[in-house]
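Chain by chain, the residues run as shown.
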Amino acid sequence: MEELREQLNAQKQEKQLPSWYKWVIVGLCFIMVMLCLGFCSSPYSWYINYIVPYLGVPESLYSIGKSIRFITTAVVNLFFGFLVSKFGTKKLILTGLCCLIGSMLCNAFATDLSLIYVGGVLLGLGLAWTTTTIVGFVVNQWCKENKGTIMGAILASNGLGSTIATFALKPVIERTATSFKTSYIIVAITLACVAVLILFFYKDKPKKFGEPVEKPGKKKAKRGQSWTGIEFKEAIRKPYFYVALVCIFFTGMVLQSITGVATPHLQNVGLDKSFVDVTIIVHSVALITFKFLTGFMYDKWGLRKTITTCAISGVIVMVLLALVSNSALGMVYAITYSVFSSLALPLETIMLPIYANDLFGEKAYGKTLGLFVSVNTAGYALGAPLASLCKDISGSYVFSFFLGAALMTVIVIVMQFVINASKRERKRVVEKEEAERLAIEQEQEVAAN
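Quantities reported herein were computed from a predicted structural model and do not represent experimental measurements.

> When you look at the overall build of the protein in this model, what are you seeing that I'm missing?
Looking only at helices and strands, the protein has 19 helices and zero strands in total. Relative to the compact-globule value of 22 Å for 449 residues, the protein shows a C-alpha radius of gyration of 23 Å, a close match. Taking the principal axes of its C-alpha atoms as reference, the protein extends roughly 85 × 45 × 35 Å. Within the protein, the proportion of its 449 residues that are buried is 52%. Taking contacts inside the protein between residues at least 6 apart in sequence as the whole, the part at least 24 apart equals 84%. Roughly 20,200 Å² of accessible area belongs to the protein as shown, and the carbon and sulfur atoms make up 65% of that amount. Computed over 42 positive and 28 negative side-chain charges, the separation of the two mean positions in the protein equals 1 Å.

Below, the structure is given as structure tokens:
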């Protein structure tokens, strides 16, 4: 009751920031994701052929740094709700940028694997506090409508950043045997510039902000809007909470394992390298488009239709990828995969904040989002080894593609039950809030008379 009283009185409070300031925040998030993911994460494979010979170590030992990154991100996201409530988003973002700068410098000046592994830890920390998790939380705070579209636009900037990095960093890396050092330093300087922008222009959302508080029940809620939700301690007592976690884990495992081996699979079946390079470019462009469209689809269609569309697309393209061969039809399958696999991938990025908000609401949002991203990242770490194991056993990745298609089919079916359970809980909460609100209004009317 007290919480509802505060919400009703919020409209009478003085505004500290104009409502348009949220677009400044959205713009800063766009720049941050574009450069943090596009410059720090996407170019990872470009450095391998230069830094491994320089250090004189096996590639398998060097790649442990990437595993450390995923493990770090998974672990730190478990505490995201606690950290963001204690320190706020601005401090976490600035700390994340400092970690990324440190990671780039570790890689630039490494003379053995110890600094590479330290860099992996810092990279995991930095990306946890500057990309999907924190951006999902920020958008949920500042934007009460069209969250999916805004999230899609911000996270689509990863593809733009990767494209810029292709032209800006790749030539530097390939210039000499040690030019990768220069590239890392350039990235570190770029991130420092982003940190300056965040320091001066980013603000944690104030309690008094230029947005009216809407009364539930007065009009039909729009898709993409927030709802009060349930407390985290109540959410973890719901069986569908754990079912959602399992689905998110397997989604991350399947999609990361399939996309991670798609390029070598196309080469293994005999397709020309130049054609494979074309599929990579097509995939990057399609990913930018579909990340934005997925968010837009959620705002227009809702959660059920969006995840069903994405998951079915994933099932189809996995089957097509398994059927690829060195033939004209096989090339059609490969191009189709490169385009429409990008419609499935938002299930492991954009949809995680949407899951947290749509299924459980704002009260549990921070903790739920952190846990969802952590579980999803754990799926990443398991997916690639499983795909490799399938290849070792059967001699190709085909079995893993069919297995992935089967798992995604099960996931999309099970998620329907999760959504149904969530809708029932949401209806109960909204009806209870409306009853309490009416009681308060009647109480105020009696007091006024």
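Next comes the rest of the account.
> Looking at this structure, how should I read the pattern of salt bridges?
Scanning the model with the defined rule gives six salt bridges in all. The residue Lys238 makes a salt bridge to Glu425 at a minimum N-O spacing of 3.2 Å. With Lys238 in the loop between helix 12 (232–235) and helix 13 (239–268) and Glu425 in helix 19 (residues 398–448), this residue pair connects regions lying 187 residues apart in the sequence. Like Lys238, the residue Glu425 is buried in the burial classification.

> Explain helix 11 (residues 180–201) to me, please; I cannot follow it from the model alone.
Owing to its 3.6 residues per turn, the α-helix aligns residues three or four sequence positions apart on the same side. In a regular helix each residue adds 1.5 Å, so 22 residues correspond to 32 Å; helix 11 covers 32 Å between its end C-alpha atoms and thus fits that length. Taken together, the buried positions of helix 11 are occupied by Phe180, Lys181, Ser183, Tyr184, Val187, Ala188, Leu191, Val194, Ala195 and Ile198. Along helix 11, the residues classed as buried sweep out an arc of 150 degrees about the axis, all on the same side. Seen from the open side of helix 11, the exposed residues pointing more than 90 degrees away from its buried face are Ile189 and Phe200. Looking at the buried residues of helix 11, the elements they touch are helix 2 (21–41), helix 3 (44–55), helix 4 (59–62), helix 6 (80–109) and helix 10 (170–173).

> Got a minute to help me understand the packing of aromatic side chains in this structure?
A ring pair, where both rings are aromatic, is described by two values, the distance of the centres and the angle of the planes. A complete count under the given rule lists 17 aromatic pairs for this structure. Plain terms: the ring middles of Trp20 and Tyr21 are 5.9 Å apart, the flat faces sit at 50 degrees to each other, and that makes the pair tilted. On the basis of relative accessibility, which here comes to 53%, the residue Trp20 falls in the exposed class. With relative accessibility at 11%, the residue Tyr21 sits in the buried group. Measuring from ring centre to ring centre gives 6.3 Å for Tyr21 and Trp142, while their planes differ by 40 degrees; the resulting arrangement is tilted. With a gap of 121 residues between them, Tyr21 in helix 2 and Trp142 in helix 8 (residues 132–142) connect regions that are remote in the sequence. Trp142 carries the same exposure label as Tyr21, and that label is buried.

> Where do I start with the confidence of the model for the protein in this structure?
The predicted coordinates should not be examined in detail at positions where pLDDT is low. Per-residue confidence for the protein gives a mean pLDDT of 86; residues scoring 70 or more make up 91%. Mean pLDDT in the protein bottoms out at helix 1 (residues 2–9), which sits at 51, and peaks at helix 11, which reaches 96. Low pLDDT, under 50, characterises residues 10–14; the predicted model gives this stretch four contacts beyond four residues in sequence or across chains. Across residues 212–219, confidence stays below pLDDT 50; counting only partners more than four residues off in sequence or on other chains, it has 14 contacts.

> Is there a simple way to think about the nonpolar core in this case?
Inside soluble globular proteins, nonpolar side chains tend to come together where they are buried. Ranked by internal contacts, the top residues of the largest apolar core, which has 135 residues, are Tyr62, Val135, Leu191, Leu303, Leu347, Tyr355 and Leu359. If sequence neighbours within four positions are ignored, Leu347 has contacts with Thr251, Leu255, Ile307, Cys310, Ala311, Leu352, Tyr355 and Met408.

> How should the environment of Ile134 be read in this particular structure?
One can find Ile134 in helix 8. With 204 residues separating them along the chain, Ile134 and Ser338 place their C-alpha atoms 29 Å apart. Setting aside its immediate chain neighbours within four residues, Ile134 contacts Met32, Phe80, Thr89, Leu92, Ile93, Ala128 and Trp129.

> Any chance you could explain the side chain of Lys181 here in plain terms?
On the secondary structure map, Lys181 appears in helix 11. Other than its neighbours up to four places away in sequence, Lys181 contacts Tyr54, Ala108, Phe109 and Ala110.

> What is the right way to read a nonpolar patch on the surface from this model?
A cluster of nonpolar side chains, namely Ile31, Val196, Leu197, Leu199, Phe200 and Phe201, defines an oily patch on the protein surface of about 540 Å² accessible area. The greatest single-element share of the nonpolar patch, amounting to five residues, is contributed by helix 11. You can see Phe201 is positioned in helix 11. Residue classification places Phe201 among the partly exposed positions, given a relative accessible area of 44%.

> What's the story with the packing of helix 14 (residues 273–301) against helix 15 (residues 303–322) in this structure? I'm lost.
It is the contact of helix 14 with helix 15, at a shortest axis distance of 7 Å, that shows an interaxial angle of 145 degrees. Mapping the contact onto sequence places Thr294, Met297, Tyr298 and Trp301 in helix 14 and Leu303, Lys305, Thr306, Thr309 and Cys310 in helix 15. Grouping the amino acids of the contact of helix 14 with helix 15 by side-chain chemistry returns five nonpolar, three polar and one charged.

> Looking at this structure, I do not really get the packing of helix 6 against helix 11. What am I missing?
For any two helices packed against each other, the geometry is given by the interaxial angle and the distance between the axes. Closest axis-to-axis distance for the helix 6/helix 11 pair is 8 Å, and the angle between their directions is 165 degrees. By the angle class used here, helix 6 and helix 11 are roughly antiparallel. As helix 6 runs across helix 11, the sense of the crossing is left-handed. Side by side, helix 6 and helix 11 meet where Lys90, Ile93, Leu94, Leu97, Leu100, Ile101, Met104, Leu105, Asn107, Ala108 and Phe109 of the first sit next to Phe180, Lys181, Tyr184, Ile185, Val187, Ala188, Leu191, Ala192, Val194, Ala195, Ile198 and Leu199 of the second. In terms of residue class, the contact of helix 6 with helix 11 is built from 20 nonpolar, one polar and two charged.

About the cut-offs
Residues numbered from 1 in each chain as written. Predicted model: local features only at pLDDT ≥ 70, side-chain atom pairs only at ≥ 80, totals over all residues. Heavy atoms only, no water. Helix = DSSP H or I, 4+ residues; strand = E, 2+ residues; numbered from the N terminus. Rg over C-alpha atoms; globule rule 2.2 N^0.38 Å. Buried < 20%, exposed > 50% of the residue type's maximum accessible area, 1.4 Å probe, protein only. Contact = heavy atoms within 4.5 Å. Areas by Shrake-Rupley, 256 points an atom, 1.4 Å probe, with all protein chains shown as cover. Lys, Arg positive; Asp, Glu negative; His and termini not counted. Charge placed at Lys NZ, Arg CZ, Asp CG, Glu CD. Salt bridge = Lys/Arg side-chain N within 4 Å of Asp/Glu carboxyl O. Expected span 1.5 Å × (residues − 1). Arc of directions from axis to C-beta. Phe/Tyr/Trp six-rings, centres within 6.5 Å; stacked < 30°, edge-to-face > 60°. pLDDT = per-residue confidence, 0-100. Core = buried A, V, L, I, M, F, W, Y, C linked by side-chain atoms within 4.5 Å. Patch = residues over 30% accessible without salt bridge, like charges linked within 9 Å, V, L, I, M, F, W, Y side chains within 5 Å. Axes fitted to C-alpha atoms, helices over the stretch in contact; angles between N-to-C directions. Nonpolar A, V, L, I, M, F, W, Y, C, P; charged D, E, K, R; others polar. Parallel < 35°, antiparallel > 145°, perpendicular 65-115°, else oblique. Left-handed = near helix turned anticlockwise from the far one by under 90°.

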